[in-house]
Amino acid sequence: MFSRPRRNRKSAAIRNMIQETHLGVEHLIYPLFLVDGKNIKDEVASMPGNYRWSLDLLLKEIEECVNLGVVSFDLFPAVDEALKDKKASYSYADENFYLHAIRKIKETFPEIMLMSDVAMDPYSSDGHDGVVRDGKILNDVTLPILSRMALAQAQAGVDIIGPSDMMDGRVAEIRQTLDENNFEDVSIMSYTAKYASAFYGPFRDALDSAPKSGDKKTYQMNPANKREALIEADLDQAEGADMLMVKPALAYLDVIHLLNENYDLPITAYNVSGECAMLYAAAQNGWLDYNQAMPEMLLSMRRAGASAILTYFAKDFAKLLKA
Ligand code: PBG
């Protein structure tokens, strides 16, 4: 035998020397759930260790994360049912607690990366990402609502806007609105290939944002399709997106790889709620070792070609590095 691959694995020094892919806390974006009120830390039942926070406690949580090295966050609002309507008008209302929180967080931690979510569903009485009329999700009438929401978030001080709605043409519309209002420095991380996935369940529990009727299959992508992701990526790039996201991540590693091979923009992956919930549950039952399986999962996304990963594991991973 001339070739013995095991020679390259014979010690930790050699294994580390030739390691191909690295995973660091700088690659991770931590999604956080915000509720209105004070002194609230309400655990999401289907995602143990993740909470709906009121702003006062969230500021402390962010400080803890920053001290652990996690400096990138994506904020999602859990909105009271009484504030929801068919046009998601609360999403850009002056008194919106989410917009106030963005302002306060960026004032307190100017150096962090704060990303926001643009989609109607947390504010919509229909629970959809677009305007619903006669059971249909309307594309073009949704666009001005999305760009108004994005502008309000830019005014509040976010670094990156994350349109997660999957309406056609929304990146161009948002980019144009931001530029016209002198927010040309605010970035757009587009949810480029977002699939109609069963893995969003725990997130919808957290925000109480599940569709009131129907499903999201007329706007989110068919899980069976890969080439279609190239069409979405072409459009997002042409419309001015700064980063392209694939979502979910673990069940769509081939799509992450495909976009990474075909585009020069950074590719990000959303390791979604259901993917994390599977591991929490298996670990709680003693069926998997959380501290080993969790970094392995994240590493697979980096290996597939993701530059950054949105993941509920971000804080635990940072703690693991310090341990
Ligand atoms: C809503 C949105 C969803 C997620 C992020 N933004 C859910 C959905 O499309 O129904 C899911 C994130 C997760 O599951 O962690 N526009």
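Parameters at a glance
Residues numbered from 1 in each chain as written. Predicted model: local features only at pLDDT ≥ 70, side-chain atom pairs only at ≥ 80, totals over all residues. UniProt positions renumbered as here; feature names shortened; annotations may be inferred. Core = buried A, V, L, I, M, F, W, Y, C linked by C-beta atoms within 7 Å. Buried ≥ 20, exposed ≤ 12 C-beta atoms within 10 Å, placed from the backbone. Helix = DSSP H or I, 4+ residues; strand = E, 2+ residues; numbered from the N terminus. Contact = placed C-beta atoms within 7 Å. Pairing = 2+ DSSP bridges. Right-handed = clockwise from strand over helix to strand, strands pointing away. Near = placed C-beta within 6 Å. Nonpolar A, V, L, I, M, F, W, Y, C, P; charged D, E, K, R; others polar. Expected span 1.5 Å × (residues − 1).

By the naming in an unreviewed UniProt entry, the protein chain is Delta-aminolevulinic acid dehydratase, taken from Lishizhenia tianjinensis. UniProt lists a comment for the protein chain under the heading Pathway (unreviewed entry), and it reads "Porphyrin-containing compound metabolism; protoporphyrin-IX biosynthesis; coproporphyrinogen-III from 5-aminolevulinate: step 1/4."

**A word on the nonpolar core**
Core analysis: the largest hydrophobic core is formed by 94 residues, its most contacted members being L34, V246, I256, L259 and I309. Residue contributions to this core peak at eight residues, all from helix α4 (residues 143-156). Among residues more than four places away in sequence, those in contact with V246 are T192, A193, Y252, V255, I256, L259, I267 and A269.

**Observations concerning the pairing of strand β5 (residues 113-118)**
Judged by how many residues are buried, β5 sits mostly within the fold: five of six residues are covered. In the sheet, strand β4 (residues 72-78) pairs with β5 via four bridges, with the strands oriented parallel. Bridging across to β5, F73 finds its partner in L114. Between the parallel elements β4 and β5, the chain passes through helix α3 (residues 97-108) in a crossover that is right-handed.

**Some remarks on the environment of V255**
Looking at the element boundaries, V255 is found in helix α8 (residues 253-262). Separated by 64 residues in the primary sequence, V255 and Y191 place their C-alpha atoms 13 Å from one another. Each residue touching V255, except ones within four places of it in the same chain, is listed here: A193, K226, A229 and V246.

**Things to note about the environment of H100**
With respect to the secondary-structure elements, H100 resides in helix α3. C-alpha separation for the pair H100 and D168, spaced 68 residues apart in sequence, amounts to 29 Å.

**A look at the site of the ligand**
In the vicinity of the ligand, the contacting residues are D117, A119, D121, D129, S164, D165, Y200, F203, R204, V272 and S273. Of the residues contributing to the shell around the ligand, the split by class is four nonpolar, two polar and five charged.

**Re the UniProt feature "active site" (unreviewed entry) in the protein chain**
As annotated in UniProt, the feature "active site" (unreviewed entry) corresponds to K194 and K247 in the numbering used here. Considering the C-alpha atoms alone, the annotated residues occupy 54 residues of sequence yet fold into one spot, their largest mutual distance being 4.8 Å. Tracing the chain through its elements places K194 in strand β9 (residues 187-194). Taking the C-beta count within 10 Å as the criterion, K194 has 27 such neighbours and is therefore assigned buried. Beyond its immediate chain neighbours, meaning those up to four positions away, K247 contacts Y191, K194, Y195, Y270 and V272.

**Details of the UniProt feature "binding site: Mg(2+)" (unreviewed entry) in the protein chain**
Mapped onto this structure's residue numbering, the UniProt feature "binding site: Mg(2+)" (unreviewed entry) falls at E232. Note that E232 resides in helix α7 (residues 227-239). For E232, a count of 22 C-beta atoms within 10 Å gives the class buried. Beyond its immediate sequence surroundings of up to four residues, E232 is in contact with T192 and A193.

**Concerning helix α9 (residues 273-284)**
Here α9 contains twelve residues, and its C-alpha end-to-end distance of 16 Å stays within 8% of the 16 Å for a straight helix at 1.5 Å per residue. Burial in α9 covers these residues: S273, G274, E275, C276, A277 and Y280. Where the residues of α9 are buried, they touch α6 (201-207), β11 (267-271) and β12 (308-311). Just downstream of α9, G286 is the residue with a positive phi angle, here 75 degrees.

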